[in-house]
Amino acid sequence: MPGSSTSEHVSLAADWVAANYNPLPVVLSHAEGAWVTDVEGRRYLDALAGYSALNFGHLHPTLVAVARAQLDRLTLTSRAFHSDQLGPFCRDLATLAGKQLVLPMNTGAEAVETAIKTARRWGYEVKGVPDGRARIVVMAGNFHGRTTTIISFSDDPVAHDHYGPYTPGFDVVPFGDIEALEAAITDETVAVLLEPVQGEGGVILPPDGWLRDVRELTRRTGVLMLADEIQSGLGRTGSTFACDLEGVVPDVYILGKALGGGIVPVSAVVADRDVLGVFDPGSHGSTFGGNPLGAAVGRAVVGLLATGEWQQHARRLGAHLEAGLRELVGHGVEAVRCRGLWAGVDIDPGRMTGREASRRLLEHGVLVKDTHGSTVRIAPPLVVGEAEIDILLDAFAAILR
Ligand SMILES: Cc1ncc(COP(=O)(O)O)c(C=O)c1O
């Protein structure tokens with residue numbers, strides 16, 4: 001049972017924080033690696049990792065050291081001036097992605113907005129679509145963030161409703177349906193925007209080969225392929241990008257979350273010059289985008305990923321996680337979907353909701369997040385070992401007993 005300190009903080013939040021989230025009743029004060037500690041000294045395994053923003057765990061020593069050093073030197077210049085951090089960061093990130101240019105932003109939603117603006121401008125200036133007519137095809141069940149434009153093409157009523165008037169120019173097709181996608185593409189289509197794995201949707205995997213088919217179709221029809229790898233990218237699925245799993249290279253990578261090492265918000269759009277070259281001075285920007293602190297941390301994140309060790313670890317441990325979760329199918333779990341260290345677990349709705357499962361897992365010392373009714377999303381930091389995956393699996397088995 002939560003003690004008085006926990007209830008004090010929960011009630012302070014109820015009094016003073018807008019209710020746009022409904023957090024579990026646990027109040028965290030410290031963390032290290034895959035473990036977090038609450039205000040009463042209880043430890044929990046963090047099996048959510050800030051929705052993949054903490055891929056390298058809490059307080060990764062290299063990332064913290066880089067951030068500390070940068071805090072003592074220079075934190076913000078705005079883009080009115082250069083810093084000695086931005087060029088090296090963008091060079092290293094572009095190299096990791098095999099692309100030529102980076103446009104740095106802060107949050108994931110800003111990077112998605114930037115990709116939408118990139119595609120529209122490319123459509124008008126390169127493809128020759130009449131001004132104001134560009135269309136972008138998006139997927140049913142998508143989650144790309146919370147800005148007014150992005151929620152305009154969300155089919156989740158909780159994210160979408162009561163925020164109109166909505167931004168036009170988007171066509172929604174079923175995720176994983178290549179025929180529907182082909183039918184939706186017209187001469188005015190400038191881009192297809194997709195998540196290679198729909199994270200918020202419940203770790204929904206497309207059919208095998210779909211990403212390759214999308215790549216072939218977009219190339220054939222002269223449409224940009226925009227891959228939102230904000231949650232799926234940077235090691236989570238056992239490769240640098242989830243698109244790699246099908247050997248697919250999109251025109252545009254949209255990155256965020258783990259790029260900031262769980263320390264600062266860092267996001268980016270990464271593409272070749274023929275696409276990102278559409279921007280000229282003053283046509284897009286952000287005061288904090290590309291700031292030296294974020295750039296230093298982002299460059300250190302890229303340095304970690306460049307070794308390939310994290311991706312390999314996520315693959316190996318992901319197989320262990322998947323094998324353990326599969327044993328629960330038929331014992332209170334209806335289905336399991338895994339990619340690397342990322343899993344969507346559909347709890348039998350007759351047994352409990354995803355929220356109830358998350359609450360019970362909390363009591364067993366494991367933090368996860370429910371999504372869409374009866375699904376629980378698991379995304380531990382990539383620093384976990386087998387013993388920690390076993391703690392998670394044992395806790396799951398215990399709540400289903
Ligand atoms: C695939 C995807 N795109 C975009 C976003 C939005 O990122 P942010 O919350 O940093 O704006 C998220 C966040 O969960 C996401 O999962």
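Here we summarise the structure given alongside this text. Quantities reported herein were computed from a predicted structural model and do not represent experimental measurements. (Residues numbered from 1 in each chain as written. Predicted model: local features only at pLDDT ≥ 70, side-chain atom pairs only at ≥ 80, totals over all residues. Heavy atoms only, no water.)

Focus on the packing of helix 12 (residues 309-326) against helix 14 (residues 386-400)
- For the pair helix 12 and helix 14, the least separation of the axes is 10 Å and the interaxial angle reads 20°. With respect to their mutual orientation, helix 12 and helix 14 come out roughly parallel. For the element pair helix 12 and helix 14, the recorded crossing hand is right-handed. Residues Arg316, Leu317, His320, Leu321, Gly324 and Leu325 of helix 12 form the contact with helix 14, whose own contacting residues are Glu386, Ile389, Asp390, Leu392, Leu393 and Phe396. (Axes fitted to C-alpha atoms, helices over the stretch in contact; angles between N-to-C directions. Helix = DSSP H or I, 4+ residues; strand = E, 2+ residues; numbered from the N terminus. Parallel < 35°, antiparallel > 145°, perpendicular 65-115°, else oblique. Left-handed = near helix turned anticlockwise from the far one by under 90°. Contact = heavy atoms within 4.5 Å.)

Let's talk about the pattern of salt bridges
- Counting across every chain of the model gives 21 salt bridges.
- Here aspartate 38 and arginine 42 are joined by a salt bridge, their closest N and O atoms 3.0 Å apart.
- Note that aspartate 84 is salt-bridged to arginine 73, the shortest N-O span being 2.5 Å. Of the two residues, aspartate 84 sits in the loop between helix 3 (61-71) and helix 4 (86-97) while arginine 73 sits in the loop between helix 3 and helix 4, which places them eleven residues apart along the sequence. (Salt bridge = Lys/Arg side-chain N within 4 Å of Asp/Glu carboxyl O.)

A word on the sheet that holds strand 10 (residues 267-271)
- The seven strands lie next to each other as 4-10-9-8-7-5-6, forming an open sheet whose pairing is mixed. The sheet terminates laterally at strand 4 (101-105) and strand 6 (170-173), the two strands that pair on one side only. For this sheet the average axis-to-axis angle between neighbouring strands, irrespective of direction, equals 20°.
- With three bridges connecting them, strand 8 (residues 224-228) and strand 9 (residues 252-255) associate as parallel partners. Considered in strand 9, the bridge of aspartate 228 is made with isoleucine 254. (Pairing = 2+ DSSP bridges.)

Some points on the side chain of aspartate 251
- If you trace the backbone, aspartate 251 turns up in the loop between strand 8 and strand 9.
- Residue classification places aspartate 251 among the buried residues on the basis of a relative accessible area of 19%.
- A polar atom in the side chain of aspartate 251 sits 2.9 Å from the side chain of arginine 215.
- One polar contact links the side chain of aspartate 251 to the main-chain amide nitrogen of methionine 225, over a distance of 2.8 Å. (Buried < 20%, exposed > 50% of the residue type's maximum accessible area, 1.4 Å probe, protein only. Polar contact = N/O pair within 3.5 Å; in protein donor to acceptor, adjacent residues only side chain to side chain.)

Brief notes about helix 14
- With 15 residues, helix 14 should reach 21 Å at 1.5 Å per residue; the first-to-last C-alpha distance of 21 Å fits that figure.
- Turning to helix 14, its buried residues are Glu388, Ile389, Leu392, Leu393, Ala395, Phe396, Ile399 and Leu400. Buried residues of helix 14 fall within an arc of 155° about the axis and therefore sit on the same side. Exposed and facing more than 90 degrees away from the buried side of helix 14 are Ala387 and Asp394. (Expected span 1.5 Å × (residues − 1). Arc of directions from axis to C-beta.)

Description of the pairing of strand 5 (residues 135-139)
- Taken across its five residues, strand 5 has four buried, putting it largely inside the fold.
- Sheet topology note: the strand 5/strand 7 (residues 189-194) ladder contains three bridges and is parallel. Across the sheet, the residue bridging to valine 137 is valine 192, located in strand 7.
- Relative to strand 6, strand 5 is paired through four bridges, and the arrangement is parallel. Bridged to valine 137 within strand 6 is aspartate 171.

As for the site of the ligand
- Around the ligand, a shell composed of Thr107, Gly108, Ala109, Phe143, His144, Gly145, Glu195, Asp228, Ile230, Gln231 and Lys257 is seen.
- Alanine 109 places a main-chain nitrogen or oxygen 2.8 Å from an oxygen atom of the ligand.
- Within the side chain of lysine 257, a nitrogen or oxygen atom sits 2.8 Å from an oxygen atom of the ligand.
- Burial of the ligand by the protein amounts to 82% of the accessible area it has alone, namely 390 Å².
- Its residues assigned to classes, the shell around the ligand comprises three nonpolar, five polar and three charged. (Near = heavy atom within 4 Å. Areas by Shrake-Rupley, 256 points an atom, 1.4 Å probe, with all protein chains shown as cover. Nonpolar A, V, L, I, M, F, W, Y, C, P; charged D, E, K, R; others polar.)

Re a nonpolar patch on the surface
- Residues Leu12, Trp16 and Val17 make up a contiguous nonpolar surface patch of about 390 Å² in total accessible area.
- Within the secondary structure, tryptophan 16 sits in helix 1 (residues 4-16). (Patch = residues over 30% accessible without salt bridge, like charges linked within 9 Å, V, L, I, M, F, W, Y side chains within 5 Å.)

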